[in-house]
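The primary structure of each chain is shown beneath.
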Amino acid sequence: MSGGGANKLGLELSPYLRQHKDNPVHWYPWGQEAIDRARAENKMIFLSIGYSTCHWCHVMERESFENKDVAAIMNRHYINVKVDREERPDVDKVYMTFVQATTGSGGWPLSIFLAPDLNPVYGGTYFPPSGNYGRPGFTQILEALAAQWEDNKEDMVEAGVEVIKIIHHKLGAGSSQPGPL
């Protein structure tokens, strides 16, 4: 796997992050390396936030993150970052606030798509691998957002920035910017 593509969670201290070390997804921990790669490749970041006792986090791992076909889509179009919310509550707070503001609900796993500047462009919680009941599945969301990024990245970034400005105005900087890397 060239270009830093291997899964990088094996040396992390968090048991939650280490449990994802064998996923075929090219996971990064939250940090400068992932952000620099997203900027260099002009790719969105897929940010997955969870914790070790989260039932739906384990379901999404089993259904999507252990699936080689889903991982191939993720690895092709995104820089994938995994966060343990118990280690980085600041990161969780910012992106949970975004999801709650844009969807009216929240929970874990928290699934966020970020521009390389870390501004969110889309988010939700658990996504099943394939759609049902009129809702898109995770693979459909991955493909649709990747296509949208290719065609309309400036509009996507602008929309996310506007939501963050509103959150910052209403709730303060602690709800709109994570702490240092």
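Predicted model, so just to flag it, every value in this text is computed and none were measured.

The rules behind these values
- All residue numbers refer to position in the chain's written sequence, counted from 1.
- Under the rules for a predicted model, residues below a pLDDT of 70 receive no local features and side-chain atom pairs below 80 are neither given nor counted, while totals for whole chains, interfaces and linings still include all residues.
- Excluded from the side-chain calculations are hydrogens and water; all other atoms, namely the structure's heavy atoms, are used.
- Here, a salt bridge means any Lys or Arg side-chain nitrogen found within 4 Å of an Asp or Glu carboxyl oxygen.
- Only DSSP runs of H or I reaching four residues or more are called helices, and only runs of E reaching two or more are called strands; each is numbered from the N terminus.
- Burial classification: accessible surface area is computed with a 1.4 Å probe over protein chains only, and a residue below 20% of its type maximum counts as buried, one above 50% as exposed, and the rest as partly exposed.
- The contact definition used throughout considers only heavy atoms, calling two residues in contact when any of these lie within 4.5 Å.
- Side-chain atoms alone can form a polar contact between residues adjacent in sequence; in general such a contact is a pair of N or O atoms within 3.5 Å, and within protein one must be able to donate a hydrogen while the other accepts it.
- The rule for pairing is simple: two strands pair if DSSP sees at least two bridges between them.
- Angles here are taken between N-to-C directions and fall from 0 to 180 degrees, while the axes themselves are lines fitted to C-alpha atoms, restricted in helices to the stretch in contact.
- What makes a nonpolar core is a set of buried Ala, Val, Leu, Ile, Met, Phe, Trp, Tyr and Cys residues whose side-chain atoms join them at distances within 4.5 Å.

1. A few points about the pattern of salt bridges
Taken as a whole, this structure holds 7 salt bridges when the rule is applied. The closest approach of N and O atoms between R37 and E41, which form a salt bridge, is 2.7 Å. With R37 and E41 both in helix α2 (residues 32-41) and 4 residues apart, this pair spans about one turn of that helix. Given a relative accessible area of 17%, R37 falls into the buried group.

2. Here's the deal with helix α4 (residues 68-77)
When we look at burial in α4, the residues that qualify are V70, A71, I73, M74 and N75. Buried residues along α4 sit against β1 (27-29), β2 (44-50), α3 (55-65), β3 (78-84) and α6 (138-171). The N-cap of α4, judged by a side-chain oxygen 2.8 Å from the amide nitrogen of D69 a few residues on, is N67.

3. Focus: the environment of E143
Relative to the assigned elements, E143 resides in helix α6. Its relative accessible area of 36% is what places E143 among the partly exposed residues. With 113 residues separating them in the primary sequence, E143 and W30 have C-alpha atoms 23 Å apart. Once residues lying within four places of it in the same chain are set aside, the contact partners of E143 are I73, R76 and H77.

4. Brief notes about the sheet that holds strand β4 (residues 110-114)
Judged by pairing direction, the sheet is mixed, and its 5 strands sit side by side in the order β1-β3-β2-β4-β5 without closing on themselves. Whereas interior strands pair on both sides, the edge strands pair on one side only; in this sheet they are β1 and β5 (120-124). In this sheet, adjacent strand axes meet at a mean angle of 25° when their direction is disregarded. One ladder, built from 4 bridges, connects β4 with β5; its direction is antiparallel. Residue pairing in the sheet places I112 in a bridge with G123 of β5. In the packing of α2 onto the sheet, the strands contacted are β1, β2 and β3, and the crossing angle to β3 comes to about 160°. Seen against the sheet, helix α5 (residues 89-103) touches β2, β3, β4 and β5 and runs at an angle of roughly 80° to β5.

5. Focus on the nonpolar core
With 28 residues, the main nonpolar core has M74, F113 and F138 as its most contacted residues. Breaking this core down by element, the ones donating at least two residues are α1 (15-18), β2, α3, α4 and α6. Of all the elements, α6 adds the most residues to this core, at 7 residues. Not counting the four nearest positions on each side in its chain, F113 is found in contact with M44, I45, F46, Y78, N119, P120, V121, Y122, F138, I141, L142 and L145. Within the second largest apolar cluster, 23 residues are counted, among which are A34, I35, L118 and I167.

No statement about biological role is implied by the geometric values presented.
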